[in-house]
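# Descriptive structure summary
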Amino acid sequence: MNIWLAEIWRSWRASLRRPGFLLLAAGVLALGIGASVAVAALIQNSLWRPLPVPQPSQLVVLGKIYDNGHVGGISPHEYQYLDKLDGVTSLGLERPGSTVNVAGAGAPAQVPVIYIDRHMLPTLGLSPVLGSNFNAQQDRLHGPPVVILGHGFWQRSYGGDTQVIGRSLQVGGEPHTIIGVLPAAFNTVLGPGDVMLPTALPVGSRDYSNNGTIAIARLAPGTDIAAVSAQTDARERAMYRDMAMGGNWKKPRFGAEGLSSVMQQDARPMLLLFMTSAALVLLIALVNLTNLMLLRALSRNHDAAVRSALGAPLLRLMLPSLGEGLLIGGVGALLGVALATVGLAMLQGFIPAEWLWGGRLHVGASAWWLAFAVGLLGALLAACLALWRSRSATTVDELREGGRSGIGLRSGRLGRVLVVAQVTLAAVLLCAAGVFMHGLYDASRMQLGFADSHILTFDLAPVKADYPDVASINMLTRRLVQRLRGIPGVAEAAVTTNLPASDGMYGQLQTSPHTPDGKEFGAQYHGIGPGFLELFAVPLRDGRNFNDNDVAGGERVAMVSQDLADTYYGGHAVGKTIDVPRDGEGVWSLRIVGVVGATYQRGPLQPLQPVLYIPLMQMPESSMKIIRDMEPLRFALRGHGNPMDWQADVRAALAEVAPEQPIANLRSMQSIVRQTTQNARLSLWLIGLFAALALLLAAAGLYAVMAVAVAAREREFGVRMALGAAPSRLLRLVLRGGLLQIAAGLALGVAAAWLVARAVSQILMTLIGRAGALDPLVMLGVAVVLLLAGLLACLLPAWRAARVAPMRALRGE
């Protein structure tokens with residue numbers, strides 16, 4: 001045992017005295033480990049992170065099953081049919097809001113609000129840190145006005161005062177009694193919310209079109225989610241069957257899905273893509289390390305042959321390489337963790353906060369274990385493979401072939417195969433990155449259908465106590481818009497329920513409108529004020545814009561987007577009618593007076609959505625109530641110069657028109673449009689980084705093999721030159737060998753990329769809303785990049801081969 005340890009220690013000392021190879025091999029391994037550990041830590045902090053509630057695996061969401069296969073929202077009417085499901089111990093309801101005006105806790109402000117019923121906290125297994133939960137009397141229509149504070153809001157606005165219970169807080173202009181403070185874990189589960197209000201659903205609600213509520217159930221231990229899902233679907237289908245919904249209306253499917261899975265549905269495809277890319281980079285790094293270890297083992301052939309001839313056992317011959325592998329694996333793991341830590345710190349500000357559930361990225365204990373397991377095992381396997389391939393070092397043939405260099409010509413075959421494998425893997429990753437880049441580039445060049453430059457936007461939720469109805473809200477908006485237009489540098493101002501891009505309301509008010517012949521379709525529902533089309537430069541294609549006669553009590557009119565007109569009215573929508581079912585109000589018939597250009601509401605990376613525009617002045621009370629509960633009104637200003645310079649003037653204008661009215665989210669329209677591509681840009685950046693690492697590792701591996709191959713053939717090149725071979729011929733000889741390996745790897749890589757093109761296309765559809773293709777332009781770009789990288793990697797060894805001194809090579813010096 002002492003002899004073995006001594007052998008390992010001698011190999012370590014030799015590596016540390018001349019650390020060039022150690023740093024090169026450990027650095028190659030560290031790149032692969034760093035990428036893998038960073039992605040593993042990201043997944044651990046998101047997909048594998050348990051919710052901070054008791055028995056989180058027992059929490060499920062009950063609701064409609066959407067096209068993506070995940071369970072989503074449910075309507076208040078549908079929720080009433082989920083009572084007393086077998087295996088469900090409790091059921092809570094959440095209705096995500098947007099913002100609400102609060103006063104009495106510092107300056108008036110808009111803060112995020114969440115509506116929950118009295119069963120939600122027991123379902124989650126949480127209790128208020130102060131005070132109490134809602135009771136049955138408070139959680140009913142026209143119940144006592146009470147509010148529960150979020151933990152962060154309590155800390156910021158009240159300094160964590162434990163005497164806050166019983167105080168009054170103005171919410172929406174009305175006094176509410178503070179009855180409790182929630183733990184921080186609540187916002188981790190249900191998202192940002194500074195104040196919580198009771199849902200107060202009316203008994204026997206007939207609202208089946210508002211799908212913005214979320215039903216969360218806690219299952220009894222051992223209950224099968226599939227059984228609960230089947231019960232849910234059966235209950236809801238029976239309800240719709242009893243309602244005798246006719247026409248072309250399609251009954252939705254219902255089911256159950258784990259709460260954690262629902263929360264992670266947006267992050268999962270991208271994280272799995274990152275994991276696959278990191279695994280490819282790690283595999284390339286291990287192949288490269290194997291190549292380096294093989295070349296290292298071949299350089300020891302002569303020494304191993306001499307020791308074997310003197311009677312050294314096989315294990316003694318293997319120990320130097322195995323010891324060096326252990327050292328490389330340990331150093332590579334440490335460097336990889338360091339790279340991952342730096343990378344995660346840089347990524348923290350770019351990762352969407354909802355992925356991390358309020359936490360921070362860090363390298364945990366499991367990531368450390370992963371790093372050292374991969375580093376040590378990978379390095380040892382590379383060393384073993386290298387030793388197996390160089391096992392002929394003790395033979396007379398190998399000694400004769402290698403000469404004094406100790407490296408035989410045939411020994412480079414495995415190295416060349418490994419180089420081809422590296423290029424193949426790099427080509428696959430570069431093809432995937434090329435598809436993403438091409439898709440994002442095409443989307444970035446797409447016209448949005450509206451202008452976004454020199455525009456400032458902000459949110460305003462009219463205080464309910466001061467502006468209780470549509471008429472008072474319209475009075476406020478008219479006065480404020482008129483005052484905003486007077487700000488120096490502002491050319492136009494307008495109000496709307498929805499901005500042209502990245503607005504939460506696009507999915508909230510789908511009311512299944514239909515044409516006069518009964519053809520139903522989904523459409524976004526936008527209320528707009530005067531000047532909206534002009535401000536955002538949305539073109540009027542046909543008919544007229546709204547005018548001063550389109551007010552409450554007048555003829556109900558609408559405008560539609562061009563895509564809606566083309567699809568459902570054959571391109572001739574002006575003068576036609578569109579029927580919109582309204583809960584409790586029958587059918588609302590609108591005459592189409594104009595057709596406007598289509599806009600990409602969800603940004604340039606998502607498909608078009610039909611849009612139905614109505615005058616804000618004609619907004620019915622029921623629709624305005626939904627809007628006020630779900631989202632604030634949006635105001636926009638367009639002018640000259642930097643729009644962010646108008647912030648102080650906007651606040652001054654609002655203080656003049658409505659002194660107690662807060663606003664929120666002052667931001668430019670361009671920043672909103674950029675936000676719609678945030679996830680796609682993040683994925684592109686990381687996939688590009690992985691592709692660059694793959695390219696770097698492939699080029700480094702090719703360089704190492706070519707450099708050693710040139711050293712092994714130095715005597716051959718010397719003989720060739722002595723016999724009259726021109727240096728240019730030797731240069732071409734070496735370059736041809738390297739480029740043939742690249743060509744073989746490139747061909748295999750493109751073929752493999754074609755095989756996985758379907759999966760890449762599906763991921764691209766998930767991330768940017770459109771399928772990608774491995775088109776000739778992408779393949780040409782990958783080929784050019786790899787050939788250039790390979791050419792650069794081969795040039796220096798080829799240059800050395802062309803400058804071999806014949807006499808020096810023949811002497812074997």
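Residues numbered from 1 in each chain as written. Predicted model: local features only at pLDDT ≥ 70, side-chain atom pairs only at ≥ 80, totals over all residues. Heavy atoms only, no water.

Attention now goes to the overall build of the protein. Within the protein, the regular secondary structure consists of 27 helices and 20 strands. Looking at the protein residue by residue over its 813 residues, the buried ones come to 51%. Put simply, the protein shows about 35,400 Å² of open surface, and 60% of that area lies on carbon and sulfur atoms. (Helix = DSSP H or I, 4+ residues; strand = E, 2+ residues; numbered from the N terminus. Buried < 20%, exposed > 50% of the residue type's maximum accessible area, 1.4 Å probe, protein only. Areas by Shrake-Rupley, 256 points an atom, 1.4 Å probe, with all protein chains shown as cover.)

We now examine the environment of Gly434. Residue position: Gly434 is located in helix H15 (residues 413–444). With relative accessibility at 16%, the residue Gly434 sits in the buried group. Considering only alpha carbons, one finds Gly434 and Met779, 345 residues apart in sequence, at a separation of 8.1 Å.

Time to look at the nonpolar core. By size, the foremost hydrophobic cluster in this structure holds 86 residues, and its most contacted members are Phe274, Leu289, Phe690 and Leu786. Per-element accounting of this core gives the leading share, 14 residues, to helix H22 (residues 678–712). (Core = buried A, V, L, I, M, F, W, Y, C linked by side-chain atoms within 4.5 Å.)

Attention now goes to a nonpolar patch on the surface. On the surface, Leu780, Val784, Leu788, Leu791, Leu792 and Leu795 cluster together into a nonpolar patch covering about 540 Å² of accessible area. Topologically, Leu791 is positioned in helix H26 (residues 776–802). (Patch = residues over 30% accessible without salt bridge, like charges linked within 9 Å, V, L, I, M, F, W, Y side chains within 5 Å. Salt bridge = Lys/Arg side-chain N within 4 Å of Asp/Glu carboxyl O.)

This part takes up the pattern of salt bridges. What the rule picks out here adds up to 10 salt bridges. Of the charged contacts, one joins Lys64 and Glu78 as a salt bridge, the two residues approaching to 2.5 Å between their closest N and O atoms. Taken as a pair, Lys64 in strand E1 (residues 59–64) and Glu78 in helix H3 (residues 76–79) lie far apart in primary sequence, 14 residues in all. Judged by relative accessible area, Lys64 falls into the buried class, the value being 8%. A salt bridge links Glu555 to Arg591; its shortest N-O distance comes to 2.6 Å. Here Arg591 lies in strand E17 (residues 586–596) and Glu555 lies in the loop between strand E14 (540–543) and strand E15 (557–561), a separation of 36 residues in the sequence. On the basis of relative accessibility, which here comes to 30%, the residue Arg591 falls in the partly exposed class.

A separate point is the pairing of strand E7 (residues 174–181). With 2 bridges joining them, strand E4 (residues 130–131) and E7 adopt antiparallel strand pairing. Bridging across to E7, Gly131 finds its partner in Gly180. Here strand E5 (residues 146–149) pairs with E7 via 4 bridges, running parallel. Looking at the pairing, Ile148 lines up with Gly180 of E7. One ladder, built from 4 bridges, connects strand E6 (residues 168–171) with E7; its direction is antiparallel. Among the inter-strand pairings, Gln170 is bridged to a residue of E7, identified as Pro175. (Pairing = 2+ DSSP bridges.)

These results come straight from atomic positions and should not be treated as a statement about function.
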